[in-house]
Amino acid sequence: MNKPTDFARSLADYFTNYMAGQRNLSVNTIRSYRDTFCLLLTYLEEEQNCSPEKVQLSKLTDQTINEFMAWLEDKRRNSISTRNLRLAAIHAFFQYLQLDRPDMLLQCQKILSIRMKKHEKAVVNYLSEDSLKNLLARPDQATIYGRRDAALLCVLYDTGARVQELIDLSVRDVRIDGPSVIRLTGKGRKTRTVPILHQTEILKCYMERHGLNPQRNPDQALFCNHQGNRLTRPGVTYILKKYANELQADGNISNAMVTPHVMRHTKAMHLLRADVDLHYIRDFLGHIDISTTEIYAKADAEMKRAAFEKANIGISTDKVTSWQKNDDLMSWLTSLGQDK
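First, a word on what this report is: a plain description of the structure on this page.

The rules behind the values
Residues numbered from 1 in each chain as written. Predicted model: local features only at pLDDT ≥ 70, side-chain atom pairs only at ≥ 80, totals over all residues. Heavy atoms only, no water. Buried < 20%, exposed > 50% of the residue type's maximum accessible area, 1.4 Å probe, protein only. Helix = DSSP H or I, 4+ residues; strand = E, 2+ residues; numbered from the N terminus. Pairing = 2+ DSSP bridges. Polar contact = N/O pair within 3.5 Å; in protein donor to acceptor, adjacent residues only side chain to side chain. Contact = heavy atoms within 4.5 Å. Core = buried A, V, L, I, M, F, W, Y, C linked by side-chain atoms within 4.5 Å. Axes fitted to C-alpha atoms, helices over the stretch in contact; angles between N-to-C directions. Parallel < 35°, antiparallel > 145°, perpendicular 65-115°, else oblique. Left-handed = near helix turned anticlockwise from the far one by under 90°. Nonpolar A, V, L, I, M, F, W, Y, C, P; charged D, E, K, R; others polar. Arc of directions from axis to C-beta. Phe/Tyr/Trp six-rings, centres within 6.5 Å; stacked < 30°, edge-to-face > 60°. Lys NZ or Arg CZ within 6 Å of the ring centre and 35° of its normal.

### Some words on the pairing of strand β2 (residues 181–185)
Phase 1: The side-chain alternation of β2 yields one buried face, formed by I182 and L184, and one unburied face, formed by V181, R183 and T185.
Phase 2: As paired elements, β2 and strand β3 (residues 191–195) share five bridges and run antiparallel to each other. Across the sheet, residue V181 finds its bridge partner in β3, namely P195.

Printed below as a string of structure tokens:
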């Protein structure tokens, strides 16, 4: 029986002791990193004739990683964003490794110097107010699963929750009596409490009719499938798309590409357009860095610019706008809104 290689030992320690133990990262993050290294081992076996049980750390040079990135794009037809996601996982491993194996510092730093590829940023898709109202009103609340779906869609929008945060909700996480709030557990197992601002009666009716009582069974899942188990990510997506497709067929929704994350984008854009401070939106969504939240301000700014240009209002596209020079995006947005 072959002895484990230094790569196998380091990778096992990275996943078990560091990611799951010290960092306490979510299952989805660990799975994403796992998939990256499964692909790397597949590449090494198929393209370099190196079986997984023989891979040594010395094999993982910057040249090897660059060739792996090219293989992802050329052979597997991965998008640039997916390629960058895989590279980020490899960077994280070698950041860990340079502390655990200082003798490999130069090799680690060469790999860490591999840059992400630039690509066009995805458009922030979100629903208009009318489209959202049509979607939330679609489930038939006279039926068991219609009540569940109505409550699910309302919570998904009202809290701006990620889909994993939604399916992880237990009855104990909901407070219906004023002030009505829901406690979400996000990335890095960090919790945040967000207010339920609308449609609390829908959620209250759902919980009462389905016997969801925080005092009797606090650990019970808030949203279950037909088998009585927690809904899965594909399950939530299926429910959402079912109603979105019905509305699309009737011509009552403007965007057929409705996903759980589009609901999150929708909440963020509606908050922004209601002049809610960007820092509050950051905390509401559970973003670590406000730069992540600024995509909504930039998207809103671009839409306002397009609207002005369509109306033949003279805004030069060659000059740098004040929000690009000013850190206070909300001040710029407020002043722009006054020009309507």
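### Structural notes on the side chain of S180
Phase 1: Looking at the element boundaries, S180 is found in the loop between β1 (174–175) and β2.
Phase 2: For S180, the side chain forms a polar contact with the main-chain oxygen of I176, separated by 2.4 Å.
Phase 3: With residues up to four places along the chain from it excluded, the contact list for S180 reads R175, V194, P195, I196 and T200.

### A few points about the nonpolar core
Phase 1: L135, L203, M207, F223 and M263 are the most contacted members of the largest nonpolar core, which has 48 residues in total.
Phase 2: At eight residues, the largest contribution of residues to this core is made by helix α7 (residues 144–159).
Phase 3: Discounting chain neighbours no more than four positions away, the residues touching L135 are L127, L153, L240, Y243, A244, L247, V258 and M263.
Phase 4: Among the nonpolar cores identified, the runner-up in size contains 34 residues, and M19, L41, V55 and I65 belong to it.

### Digging into the packing of α7 against helix α9 (residues 200–209)
Phase 1: It is at 9 Å that the axes of α7 and α9 come closest, and there the two elements cross at 140 degrees. Between α7 and α9, the interaxial angle falls into the category oblique. Note on packing geometry: the crossing formed by α7 with α9 is left-handed. Between α7 and α9, the residues in contact are R147, R148, A150, A151, C154 and V155 and I202, L203, C205, Y206 and R209, respectively.
Phase 2: Grouping the constituent residues of the contact of α7 with α9 by class yields eight nonpolar, no polar and three charged.

### Quick look at helix α6 (residues 129–136)
Phase 1: Buried residues of α6: S131, L132, L135 and L136, and no others. Buried residues along α6 cover an arc of 130 degrees about the axis, so they all sit on one side. Turned more than 90 degrees from where α6 packs its buried face, D130 and K133 sit exposed.
Phase 2: Buried residues belonging to α6 abut α7, α10 (233–250) and α11 (260–273).

### Overview of the packing of helix α3 (residues 62–74) against helix α4 (residues 80–100)
Phase 1: Where α3 contacts α4, the axes come no closer than 9 Å and their chain directions differ by 150 degrees. The angle between α3 and α4 places the two elements in the roughly antiparallel class. Considering only the axes of α3 and α4, their crossing is right-handed. Along the contact surface, α3 presents I65, F68, M69, L72 and E73, while α4 presents I80, R83, R86, L87 and I90.

### Topic: the sheet that holds β3
Phase 1: Within the open sheet, the three strands sit side by side as β1-β2-β3. Their pairing is antiparallel. Of all strands in the sheet, those with a lone pairing partner are β1 and β3, marking the two edges.

### Observations regarding the packing of aromatic side chains
Phase 1: Evaluated as defined, the whole model comprises 14 aromatic pairs.
Phase 2: Considering the side-chain rings of F7 and F93, the 6.2 Å spacing of their centres and the 85 degrees angle between planes classify their relative orientation as edge-to-face. One end of the pair, F7, is in helix α1 (residues 6–22); the other, F93, is in helix α4, and 86 residues separate them in sequence.
Phase 3: What makes F93 buried here is its relative accessible area of 0%.
Phase 4: For the pair F68 and W71, a centre-to-centre distance of 6.0 Å together with 25 degrees between the ring planes defines the contact as stacked. Linking F68 with W71, this pair stays in helix α3, spanning three residues, or about one helical turn.
Phase 5: Joined through ring pairs, the aromatic side chains of F7, Y14, F15, Y18, F37, F93, F94 and Y96 make up one cluster.
Phase 6: When the ring centre of Y157 is taken as origin, the NZ or CZ atom of K267, which lies over that ring, is 4.8 Å away.

So, to be careful, I would describe these as geometric facts and stop short of saying anything about function.
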